[in-house]
Amino acid sequence: MSDGILSKAATMEIPISSNGDTSSLPEDDGLEQDLQQVMVSGPNLNETSIVSGGYGGTAEGIIPTGTIKAPPFPGSLVHPHPPRGASVPPSAPAARRMARPAAPPAGPGLHPPPPGPPAGGEEVVRGIAVEKFDIVKKWGINTYKCTKQLLSERFGRGSRTVDLELETQIELLRETKRKYESVLHLARALTAHLYSLVQTQHALGDAFADLSQKSPELQEEFGYNAETQKLLCKNGETLLGAVNFFVSSINTLVNKTMEDTLMTVKQYETARLEYDAYRTDLEELSMGPRDAGAVSRLDAAQSQFQSHKDKYEKLRADVAIKLKFLEENKIKVMHKQLLLFHNAISAYFAGNQQQLEQTLKQFNIKLKTPGAEKPSWLEEQ
């Protein structure tokens, strides 16, 4: 049947003037029926032949296609059209194989996809998330209780734990720090003025020395003034070194020693607020009904209260110790620095150069000469 279709198609003639229009050709009922049958059932490739000599050639060049195996063409852009006939449903095993995702071919440069995370990894991630949620939950509850306690204290409706002796020492420390900061500010201003004075005296001495060489009639007078300004400049540099040492020591005392103690005081005040907040919560639960749920909540509140009580008492002891050592250190440091400041200022304005230098030696203050290089890091150790 297929040979008859090809022979009929080969004997058809299409006029050139028609430009491929076959509407004027006579209809062939047999050809139309054969084409319909091919469209329904599909061609039989085993019976199809390849004509090597063109349409209408002899039968000698016919080769059965059943004996030819077409080589595979991977990656070819031309795909055979599926048959348009009635589709046959695949079997159950074939359907399961078709439903599976196709695995990518393993070739050079291609790596298999990494395996998915094990089940244990999901449990670890879930555990971390639950732990973070618990931390945020505890923080929120603690913040709520402390804020409630703080507002009740501000409006006079809540009770507050007070250590009168410790509170007095803390307030005195804060007042002392404010006063020392004022002294430090004034001492820095004095240092800036002294530096400007020394620079002016140095420039004035150079000007007098230059004029003494260029004015023979006033050489002696300019020379005296030049020597005086140079001596004042040297004494000013010595005094400036003493005042700088005083400023550095006060700065360390105020911004390091006192500030460290005040940081511990802030931690103590936070612990005191938490202690009072959980104490109030425990008192409210103690006055409520004693059912099963209330007893469990009461036990939890008692445990939290005891934990914050221990923290509060520990920080209160730390603050008391730090305040004691700070007071001793402050007296020792200020005794030395005030004595240095007094002796240096008195010797400078009295014009006593030897006493001024002796004061610096007494307190182990070394002045940096203008042309001296900075010491190495080994010498500074």
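This is a predicted model, so every value here is computed, not measured.

*Asks:* Looking at this structure, I do not really get the pattern of salt bridges. What am I missing?
*Replies:* Pairing is possible between side chains that carry opposite charge, provided their charged atoms lie close to one another. What the rule picks out here adds up to 12 salt bridges. In this structure, the salt-bridge partner of Glu269 is Arg174, at a minimum N-O distance of 3.0 Å. Placement of Glu269 in helix H6 (residues 219-286) and of Arg174 in helix H5 (residues 164-214) is noted, with a sequence separation of 95 residues between them. Given the relative accessible area of 25%, Arg174 is considered partly exposed. In this structure, Lys177 and Glu181 form a salt bridge, with 2.6 Å as the shortest nitrogen-oxygen distance. Of this pair, Lys177 and Glu181 both sit in helix H5, 4 residues apart, which is roughly one turn of the helix.

*Asks:* Mind showing me how you'd approach the packing of aromatic side chains here?
*Replies:* Where two aromatic rings form a pair, the distance of their centres and the angle of their planes describe that pair. Inspection of the entire model under this criterion finds 6 aromatic pairs. Seen from their ring centres, Phe246 and Phe341 are 4.9 Å apart, and the 40 degrees between their planes marks the pair as tilted. On the criterion of sequence distance, the pair formed by Phe246 in helix H6 and Phe341 in helix H7 (residues 292-350) is long-range, its members being 95 residues apart. Pairing Tyr275 with Tyr312 gives two aromatic rings, centres 5.0 Å apart and planes at 5 degrees, and the pair type is stacked. Of the two residues, Tyr275 sits in helix H6 while Tyr312 sits in helix H7, which places them 37 residues apart along the sequence. A single burial state applies to Tyr275 and to Tyr312, both of which are buried.

*Asks:* What should I look at first to understand the packing of H5 against H6 in this one?
*Replies:* The geometry of a pair of packed helices is captured by two quantities: the angle between their axes and the separation between those axes. Direction vectors running N to C along H5 and H6 enclose 160 degrees, while the axes themselves pass 7 Å from each other. Viewed along their axes, H5 and H6 adopt a mutual orientation that is roughly antiparallel. Where H5 crosses over H6, the two elements pack in a sense that is left-handed.

*Asks:* Would you explain the environment of Ala317 in this entry?
*Replies:* Here Ala317 is to be found in helix H7. Expressed as a C-alpha distance, the spacing of Ala317 and Tyr268, which sit 49 residues apart in the sequence, is 9.4 Å.

*Asks:* Whenever I open this one, the nonpolar core confuses me. Can you help?
*Replies:* Generally speaking, soluble globular proteins have nonpolar side chains that are buried together. The biggest cluster of nonpolar side chains holds 40 residues, and the ones touching the most others in it are Ile170, Tyr268 and Val319. Where this core is concerned, the elements lending two or more residues are H5, H6, H7 and helix H8 (353-362). Dropping the residues within four chain positions of it, Ile170 is found in contact with Val265, Tyr268, Val319 and Leu323.

*Asks:* Looking at this structure, how should I read the confidence of the model for the protein chain?
*Replies:* Fine structural detail should not be taken from predicted coordinates in areas where pLDDT scores are low. Per-residue confidence for the protein chain gives a mean pLDDT of 74; residues scoring 70 or more make up 65%. Considering each helix and strand of the protein chain separately, the mean pLDDT is smallest for strand E1 (residues 49-51), with a value of 38, and largest for H5, with 94. Here residues 1-28 is modelled with pLDDT under 50, and outside its nearest four sequence neighbours on either side it reaches 20 contacts, counting other chains as well. This model gives residues 38-87 a pLDDT under 50, and the stretch forms 25 contacts once residues within four places in sequence are excluded.

*Asks:* What should I look at first to understand the side chain of Thr264 in this one?
*Replies:* With respect to the element layout, Thr264 can be found in helix H6. In terms of polar contacts, Thr264 uses its side chain to reach the side chain of Lys322, at 2.9 Å. Excluding residues within four positions of it along the chain, Thr264 makes contact with Asp318, Val319 and Lys322.

*Asks:* What is the right way to read H8 from this model?
*Replies:* Residue pairs three or four apart in sequence face the same way in an α-helix, which turns once every 3.6 residues. Those residues of H8 not exposed but buried are Leu356, Thr359 and Leu360. Down the axis of H8, the buried set is contained in an arc of 95 degrees. They therefore lie on one face. When the buried face of H8 is taken as reference, the exposed residues oriented beyond 90 degrees from it are Gln354 and Lys361. Buried residues in H8 make contact with H6 and H7. At the N-terminal end of H8, a side-chain oxygen is found 3.4 Å from the backbone nitrogen of Gln354, two or three residues along, and the residue is Asn352. A positive phi of about 55 degrees marks Asn364, the residue just after H8.

*Asks:* Got a minute to help me understand the packing of H7 against H8 in this structure?
*Replies:* Direction vectors running N to C along H7 and H8 enclose 160 degrees, while the axes themselves pass 8 Å from each other. By the angle class used here, H7 and H8 are roughly antiparallel. For H7 against H8, the interelement crossing comes out left-handed. In this structure, H7 contributes Leu339, Leu340, Asn343, Ala344, Ala347 and Tyr348 to the contact, and H8 contributes Gln355, Leu356, Thr359 and Gln362. Looking at the contact of H7 with H8 residue by residue, the class counts come to 6 nonpolar, 4 polar and no charged.

Definitions and cut-offs
Residues numbered from 1 in each chain as written. Predicted model: local features only at pLDDT ≥ 70, side-chain atom pairs only at ≥ 80, totals over all residues. Heavy atoms only, no water. Salt bridge = Lys/Arg side-chain N within 4 Å of Asp/Glu carboxyl O. Helix = DSSP H or I, 4+ residues; strand = E, 2+ residues; numbered from the N terminus. Buried < 20%, exposed > 50% of the residue type's maximum accessible area, 1.4 Å probe, protein only. Phe/Tyr/Trp six-rings, centres within 6.5 Å; stacked < 30°, edge-to-face > 60°. Axes fitted to C-alpha atoms, helices over the stretch in contact; angles between N-to-C directions. Parallel < 35°, antiparallel > 145°, perpendicular 65-115°, else oblique. Left-handed = near helix turned anticlockwise from the far one by under 90°. Core = buried A, V, L, I, M, F, W, Y, C linked by side-chain atoms within 4.5 Å. Contact = heavy atoms within 4.5 Å. pLDDT = per-residue confidence, 0-100. Polar contact = N/O pair within 3.5 Å; in protein donor to acceptor, adjacent residues only side chain to side chain. Arc of directions from axis to C-beta. Nonpolar A, V, L, I, M, F, W, Y, C, P; charged D, E, K, R; others polar.

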